[in-house]
Amino acid sequence: MVRVSSQGASSRMGCIGKIEGVKQKELRQINDDRGFVLHMLRQDSEGFLGFGECYFSVINYGKVKAWKYHYKQTQTLVVPTGAIRMVIYDDRALSHTKGVLQVLELGRPENYFRIQIPPNLWYGFTGLSKTPALIVNCVDKPHDPLESKVIAFDDTSIPYVWS
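Residues numbered from 1 in each chain as written. Predicted model: local features only at pLDDT ≥ 70, side-chain atom pairs only at ≥ 80, totals over all residues. Heavy atoms only, no water.

**Some thoughts on the overall build of the protein**
Here is step 1: When its secondary structure is counted, the protein shows zero helices and 16 strands.
Here is step 2: Against the 2.2 N^0.38 benchmark of 15 Å for 163 residues, the protein shows a C-alpha radius of gyration of 15 Å, consistent with a compact globule.
Here is step 3: Each of the three principal axes of the protein carries a C-alpha extent, and together these read 45 × 35 × 25 Å.
Here is step 4: By residue count, 46% of the 163 residues in the protein fall in the buried class.
Here is step 5: Total accessible area on the protein is roughly 8900 Å²; 55% of this is exposed by carbon and sulfur atoms. (Helix = DSSP H or I, 4+ residues; strand = E, 2+ residues; numbered from the N terminus. Rg over C-alpha atoms; globule rule 2.2 N^0.38 Å. Buried < 20%, exposed > 50% of the residue type's maximum accessible area, 1.4 Å probe, protein only. Areas by Shrake-Rupley, 256 points an atom, 1.4 Å probe, with all protein chains shown as cover.)

Written out as structure tokens, the structure is:
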């Protein structure tokens, strides 16, 4: 199970728990003295929705990239290098988990998981490792700037304080 933590951050009256529709899957790591092979996603993987594009994001220690929201695109992320704290917030009007924050710590080797975030959820992350963390995101639709929106990491409409 992905390590869930609220250490180093605080909620502004948000409930911390698991959000409806967010999926997590422990991934295979093959290690030997030469290095390692890390699995991420296959066409026959549970939850594979199609291929739109795959991109990499790097975040430095203590920095925050938040908050992002997609209307149609599903995010499928892994952290093969470094470590991050990912926070997901559900403000969907008809969701059973409306108002819930999901806080996850991701990164190898202990927390090598694939996280899938469906559309209409807010998410962001902060770098936890002293070395930059690499986030790989394989999304089901190509990037379209009209399909997403961004608000500031300290926007008070999301009940979470990055620290």
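Back to the text.
**Details of the pattern of salt bridges**
Here is step 1: In total, this model carries four salt bridges according to the counting rule given.
Here is step 2: Among the salt bridges present, the one from Asp 90 reaches Arg 92, with a minimum N-O distance of 2.9 Å. (Salt bridge = Lys/Arg side-chain N within 4 Å of Asp/Glu carboxyl O.)

**Regarding the packing of aromatic side chains**
The geometry of an aromatic ring pair is captured by the separation of the ring centres together with the interplanar angle, meaning the angle of the planes.
Here is step 1: Applying the stated criterion across every chain, the model contains five aromatic pairs.
Here is step 2: Residues Trp 67 and Tyr 160 carry aromatic rings whose centres are separated by 6.3 Å and whose planes lie at 90 degrees to one another, so their mutual orientation is edge-to-face. Remark: Tyr 160 occurs in strand S16 (residues 160-162) and Trp 67 occurs in strand S8 (residues 64-70); sequence separation between them is 93 residues.
Here is step 3: Pairwise contacts between aromatic rings join Trp 67, Tyr 160 and Trp 162 into one cluster.
Here is step 4: A cation over an aromatic ring shows up here: Arg 108 above the ring of Phe 36, its NZ or CZ 3.9 Å from the ring centre. (Phe/Tyr/Trp six-rings, centres within 6.5 Å; stacked < 30°, edge-to-face > 60°. Lys NZ or Arg CZ within 6 Å of the ring centre and 35° of its normal.)

**Digging into the sheet that holds strand S4 (residues 23-26)**
Pairing between the strands of a sheet comes from backbone hydrogen bonds, and it takes one of two forms, parallel or antiparallel.
Here is step 1: One open sheet holds the five strands; their spatial order is S4-S12-S9-S14-S7, and the pairing between them is antiparallel. Unpaired on one side and paired on the other, S4 and strand S7 (53-59) mark the two borders of the sheet. Adjacent strand axes in the sheet meet at a mean angle of 20 degrees, parallel and antiparallel pairs treated alike.
Here is step 2: Strand direction decides the pairing type here: strand S9 (residues 75-81) and strand S12 (residues 113-117), joined by three bridges, are antiparallel. Paired with Gln 75 across the two strands is Ile 117, which belongs to S12. (Pairing = 2+ DSSP bridges. Axes fitted to C-alpha atoms, helices over the stretch in contact; angles between N-to-C directions.)

**Remarks on the nonpolar core**
Here is step 1: Grouped together as the largest cluster of nonpolar side chains are 19 residues, with contacts concentrated most on Ile 84, Met 86, Ile 88, Leu 106, Ile 115 and Ile 117.
Here is step 2: Counting residues in hydrophobic clusters, the runner-up holds 12 residues, among them Trp 67, Leu 101, Val 103 and Trp 122. (Core = buried A, V, L, I, M, F, W, Y, C linked by side-chain atoms within 4.5 Å.)

**Re unusual backbone geometry**
Here is step 1: The omega torsion across Ala 66 and Trp 67 is -10 degrees, close enough to zero to call that bond cis.
Here is step 2: Residue Pro 109 is bonded to the preceding Arg 108 through a cis peptide linkage, with omega at 0 degrees.
Here is step 3: Summarising the element assignment, Pro 109 is placed in the loop between strand S11 (100-107) and S12.
Here is step 4: At Asn 120, a residue that is not glycine, the phi angle is positive and equals roughly 75 degrees.
Here is step 5: Position of Asn 120 among the secondary structure elements: in the loop between S12 and strand S13 (122-127).
Here is step 6: Judged by its relative accessible area of 25%, Asn 120 falls in the partly exposed class.

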